[in-house]
Amino acid sequence: MERVAFLIEETGQRIGCLLNPSTVVVSRAAGVRPRSTAAGQLTGSTLMDDPLLFTGGGRTELDLDLLFDITISERTAELYQDVRELTRPLMMLAENTARQQGVRRPPLVRFVWGKSWNVPGVVAAAAERFDDFTAEGVPRRSWLKLKLLRVAEESEEMFREFPEPPQPPSAIDLDAEPVGVVRAIGDGDDAGGYAGTRPDLVAAQALDNPLSWRLLAVYNDLDDPFGIEAGTALRIPPTRPRRSTR
């Protein structure tokens, strides 16, 4: 057994635990998905494989099996009567106890294990199995499974660059006249100052915030925001809050 720890970024709190290193599972999913249109997924009898849309990003997961046992030493047996006293801080990492851009979220943590592991992420799921109960039903051993999703540190730079949260579609009048028009171009063609047909790239140019791509999609009634065809003219929505009807 080896000592590892979770460090909470915002508070600096350190949560130690025991880990069986033979049960660490790291999985990676690339940022791809089947290409589709409003009529459904693109396919054809002459194709060998379904057409793919490369969305960028991806997903890296760490599945961790942690062990807590208050009987492992005389000191822990004296300090703790219930193993849940040790595991509760880790279970709380899956709760929405932090806030970012006005939205509650799990806290950012770092999984640290010696000099080989230093992974920033959020705990997306936690499951706990108890055994070694006392006569009163108090558990003394816990087998804790955590799913950690890696968070790219560059995303923090992005949020600092765009500190204002994007307006939700409900915050503006969707029937209002557009303030302009932007034309999406082909990926890789930077003519006219627009980098491609991805909605976040167009929103970055039209609304000065790539996080506002949903607003752009709803305002233009796009069935597939990531399937914008080159040359499509998109209306730029007003960004002023809608007036109250009261």
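We now turn to the structure provided with this report.

## Looking at the overall build of the protein chain
Here is step 1 of the chain: Scanning the protein chain from N- to C-terminus turns up 5 helices and 13 strands.
Here is step 2 of the chain: Within the protein chain, buried positions represent 31% of all 246 residues.
Here is step 3 of the chain: When contacts within the protein chain are restricted to residue pairs at least 6 apart in sequence, long-range pairs at least 24 apart make up 59% of them.
Here is step 4 of the chain: For the protein chain, the computed accessible surface area is about 15300 Å², with 50% contributed by carbon and sulfur atoms.

## Structural notes on the environment of Arg84
Here is step 1 of the chain: With respect to the secondary-structure elements, Arg84 resides in helix H2 (residues 84-91).
Here is step 2 of the chain: Residue classification places Arg84 among the partly exposed positions, given a relative accessible area of 40%.
Here is step 3 of the chain: Sequence separation of Arg84 and Glu128 is 44 residues, and the distance between their C-alpha atoms is 9.7 Å.
Here is step 4 of the chain: Those residues in contact with Arg84 that sit more than four places away from it in its chain are Phe130 and Pro139.
Here is step 5 of the chain: Of note is the side chain of Arg84, whose polar atom sits 2.7 Å from the side chain of Asp82.

## Here's the deal with the nonpolar core
Here is step 1 of the chain: Core analysis: the largest hydrophobic core is formed by 21 residues, its most contacted members being Phe6, Leu66, Leu90, Leu93 and Phe111.
Here is step 2 of the chain: Secondary structure elements with two or more residues in this core: strand E1 (2-8), strand E2 (14-19), strand E6 (52-69), strand E9 (109-113), strand E10 (117-133) and strand E11 (139-150).
Here is step 3 of the chain: In terms of residue count, the dominant contributor to this core is E6 (4 residues).
Here is step 4 of the chain: Beyond its immediate sequence surroundings of up to four residues, Phe6 is in contact with Gln13, Arg14, Ile15, Cys17, Leu64, Leu66, Leu90, Leu93, Val109, Arg110, Phe111 and Leu146.

## Details of helix H4 (residues 199-206)
Here is step 1 of the chain: Every buried residue of H4 is accounted for by Pro199, Asp200, Val202, Ala203 and Ala206. Axial view of H4: buried residues confined to an arc of 160°, hence all on one face.
Here is step 2 of the chain: Looking at the buried positions of H4, the neighbouring elements they touch are strand E12 (180-183), helix H5 (213-219) and strand E13 (233-236).
Here is step 3 of the chain: A positive phi of about 65° marks Asp208, the residue just after H4.

## Observations concerning unusual backbone geometry
Here is step 1 of the chain: Residue Asp132 is not a glycine yet carries a positive backbone phi of 55°.
Here is step 2 of the chain: Here Asp132 shows up in strand E10.
Here is step 3 of the chain: Overall, the relative accessible area of 23% leaves Asp132 in the partly exposed class.
Here is step 4 of the chain: The backbone of Asp221 shows a phi angle near 55°, a positive value even though the residue is not glycine.
Here is step 5 of the chain: Relative to the assigned elements, Asp221 resides in the loop between H5 and E13.

## Digging into the environment of Asp131
Here is step 1 of the chain: Along the chain, Asp131 turns up in strand E10.
Here is step 2 of the chain: Separated by 62 residues in sequence, Asp131 and Asp69 place their C-alpha atoms 9.6 Å apart.
Here is step 3 of the chain: Each residue touching Asp131, except ones within four places of it in the same chain, is listed here: Pro139, Arg140, Arg141 and Trp143.
Here is step 4 of the chain: Within polar-contact distance, the side chain of Asp131 engages the side chain of Trp143 at 3.0 Å.

## Regarding the side chain of Asp82
Here is step 1 of the chain: Following the sequence through the fold, Asp82 ends up in the loop between helix H1 (74-79) and H2.
Here is step 2 of the chain: With a relative accessible area of 13%, Asp82 lands in the buried category.
Here is step 3 of the chain: In this structure Asp82 touches Ile70, Val138 and Pro139, once residues within four positions along its chain are discounted.

## Observations regarding the pattern of salt bridges
Here is step 1 of the chain: Evaluated as defined, the whole model comprises 12 salt bridges.
Here is step 2 of the chain: The partner of Arg110 in a salt bridge is Glu9, and the shortest N-O contact between them spans 2.7 Å. Of the two residues, Arg110 is situated in strand E9 and Glu9 in the loop between E1 and E2; the sequence distance between them amounts to 101 residues.
Here is step 3 of the chain: A residue is classified by how much of its surface remains accessible, and Arg110, at 17% relative accessible area, is buried.
Here is step 4 of the chain: Put simply, Asp65 and Lys145 hold a salt bridge, and the shortest N to O gap is 2.9 Å. Of this pair, Asp65 sits in strand E6 while Lys145 sits in strand E11, and the two are 80 residues apart along the sequence.

Thresholds applied
- Residues numbered from 1 in each chain as written.
- Predicted model: local features only at pLDDT ≥ 70, side-chain atom pairs only at ≥ 80, totals over all residues.
- Heavy atoms only, no water.
- Helix = DSSP H or I, 4+ residues; strand = E, 2+ residues; numbered from the N terminus.
- Buried < 20%, exposed > 50% of the residue type's maximum accessible area, 1.4 Å probe, protein only.
- Contact = heavy atoms within 4.5 Å.
- Areas by Shrake-Rupley, 256 points an atom, 1.4 Å probe, with all protein chains shown as cover.
- Polar contact = N/O pair within 3.5 Å; in protein donor to acceptor, adjacent residues only side chain to side chain.
- Core = buried A, V, L, I, M, F, W, Y, C linked by side-chain atoms within 4.5 Å.
- Arc of directions from axis to C-beta.
- Salt bridge = Lys/Arg side-chain N within 4 Å of Asp/Glu carboxyl O.

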